[in-house]
Amino acid sequence: MLRLVTKTFSLTALTALTALSLSASAALAEQPVMIAPIQIGEELAAKADDLGTREFERLSSILLGELEDELAPYLGENGSVLRVTILDATPNRPTMAQMAARPGLSMESFGIGGASLEAELVSSEGDELESYSYAWHSYNIVDARHASTWSDARRTFSRFASQIGESIAERNADGS
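Remember, it's a predicted structure, so these values are computed and weren't measured experimentally.

Participant: What is the right way to read the packing of aromatic side chains from this model?
Facilitator: The geometry of an aromatic ring pair comes down to the distance between the two centres and the angle between the two planes. This structure, assessed with the given rule, holds 0 aromatic pairs. Taking NZ or CZ as reference, Arg159 lies 4.7 Å from the ring centre of Trp136, over its face.

Written out as structure tokens, the structure is:
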């Protein structure tokens with residue numbers, strides 16, 4: 001009989017721990033993050049004629065996807081807002097606009113790429129909670145030989161999104 005009571009107590013303790021865990025998850029959901037439309041910085045905007053404005057939409061879409069994947073547990077409305085700006089980006093291969101403007105270029109052409117970004121996390125009251133910046137450019141052209149147009153920019157976006165995701169996870173764990 002004593003053995004049965006111990007198992008019942010263990011199940012009760014497990015149920016209590018599960019409930020506690022669920023309430024902790026609910027607390028995280030109470031501090032949602034919304035991603036504002038991705039902005040293009042002045043330095044990158046100045047390259048519109050060279051890269052083609054269509055590439056800005058492409059870069060914004062890639063970055064938004066990375067951020068949504070990384071921040072999925074925290075996304076929601078009526079909480080803080082993440083404002084992100086792509087300051088600059090360099091493709092590994094020519095864009096369609098570049099190839100149209102320079103007939104000597106082809107998709108066989110390649111170079112060192114990368115990007116630089118910044119973001120700020122703003123509370124629902126408008127106070128800056130956190131600021132982020134990240135830049136990375138490939139340092140070896142050998143790696144670019146097998147890259148797509150925005151491979152190095154994608155790598156930069158992924159690392160940046162990961163940095164923000166870790167920061168938001170820490171903020172929520174600390175309750176700040």
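Participant: Would you mind showing me how to read the nonpolar core here?
Facilitator: Side chains of nonpolar character tend, in soluble globular proteins, to be buried together. Core analysis: the biggest nonpolar cluster contains 29 residues, and Leu67, Leu82, Ile86, Phe157 and Ile164 have the highest contact counts within it. Among the elements of the structure, β1 (33-35), α3 (48-51), α4 (54-71), β3 (80-90), β4 (114-122) and α7 (151-174) are those that each provide at least two residues to this core. When neighbours within four sequence positions are excluded, Ile164 is seen to be in contact with Leu67, Leu71, Leu82, Ala119 and Tyr132.

Participant: I'm lost on α4 in this one. Help?
Facilitator: Along an α-helix, a turn takes 3.6 residues, which lines up residues three or four apart on a common side. Taking 1.5 Å of rise per residue, the 18 residues of α4 would be expected to cover 26 Å, and the 26 Å separating its terminal C-alpha atoms lies within 8% of that figure. Taken together, the buried positions of α4 are Glu55, Phe56, Leu59, Ser60, Ile62, Leu63, Leu67 and Leu71. Down the axis, α4 shows its buried residues gathered within 160° of arc, on one side only. Of the exposed residues in α4, those oriented more than 90 degrees away from the buried face are Arg54, Glu57 and Asp69.

Participant: Explain a negative patch on the surface here, please?
Facilitator: A cluster of acidic side chains, namely Glu68, Asp69, Glu70, Glu166, Glu170 and Asp174, defines a negative patch on the protein surface. Those elements that provide at least two residues to the negative patch are α4 and α7. By the secondary structure assignment, Asp69 is in helix α4. On the accessibility criterion, Asp69 (64% relative accessible area) is exposed.

Participant: Can you walk me through the pattern of salt bridges in this structure?
Facilitator: A pair can form between side chains of opposite charge whenever their charged atoms are brought close. The final tally for this structure, using the stated rule, is 7 salt bridges. Put simply, Asp50 and Arg102 hold a salt bridge, and the shortest N to O gap is 2.7 Å. Of the two residues, Asp50 sits in helix α3 while Arg102 sits in the loop between α5 (96-101) and β4, which places them 52 residues apart along the sequence. The network of salt bridges with shared partners includes Arg54, Glu55 and Arg58.

Participant: What is the right way to read the environment of Asp50 from this model?
Facilitator: You can call Asp50 partly exposed: its relative accessible area is 28%. Along the backbone, Asp50 and Ala100 are 50 residues apart, and their C-alpha atoms lie at a distance of 9.9 Å. Once residues within four sequence positions are removed from consideration, Asp50 is found in contact with Thr95, Ala97, Gln98 and Arg102. A polar atom in the side chain of Asp50 sits 2.7 Å from the side chain of Arg102.

What counts as what
- Residues numbered from 1 in each chain as written.
- Predicted model: local features only at pLDDT ≥ 70, side-chain atom pairs only at ≥ 80, totals over all residues.
- Heavy atoms only, no water.
- Phe/Tyr/Trp six-rings, centres within 6.5 Å; stacked < 30°, edge-to-face > 60°.
- Lys NZ or Arg CZ within 6 Å of the ring centre and 35° of its normal.
- Core = buried A, V, L, I, M, F, W, Y, C linked by side-chain atoms within 4.5 Å.
- Buried < 20%, exposed > 50% of the residue type's maximum accessible area, 1.4 Å probe, protein only.
- Helix = DSSP H or I, 4+ residues; strand = E, 2+ residues; numbered from the N terminus.
- Contact = heavy atoms within 4.5 Å.
- Expected span 1.5 Å × (residues − 1).
- Arc of directions from axis to C-beta.
- Patch = residues over 30% accessible without salt bridge, like charges linked within 9 Å, V, L, I, M, F, W, Y side chains within 5 Å.
- Areas by Shrake-Rupley, 256 points an atom, 1.4 Å probe, with all protein chains shown as cover.
- Salt bridge = Lys/Arg side-chain N within 4 Å of Asp/Glu carboxyl O.
- Lys, Arg positive; Asp, Glu negative; His and termini not counted.
- Charge placed at Lys NZ, Arg CZ, Asp CG, Glu CD.
- Polar contact = N/O pair within 3.5 Å; in protein donor to acceptor, adjacent residues only side chain to side chain.

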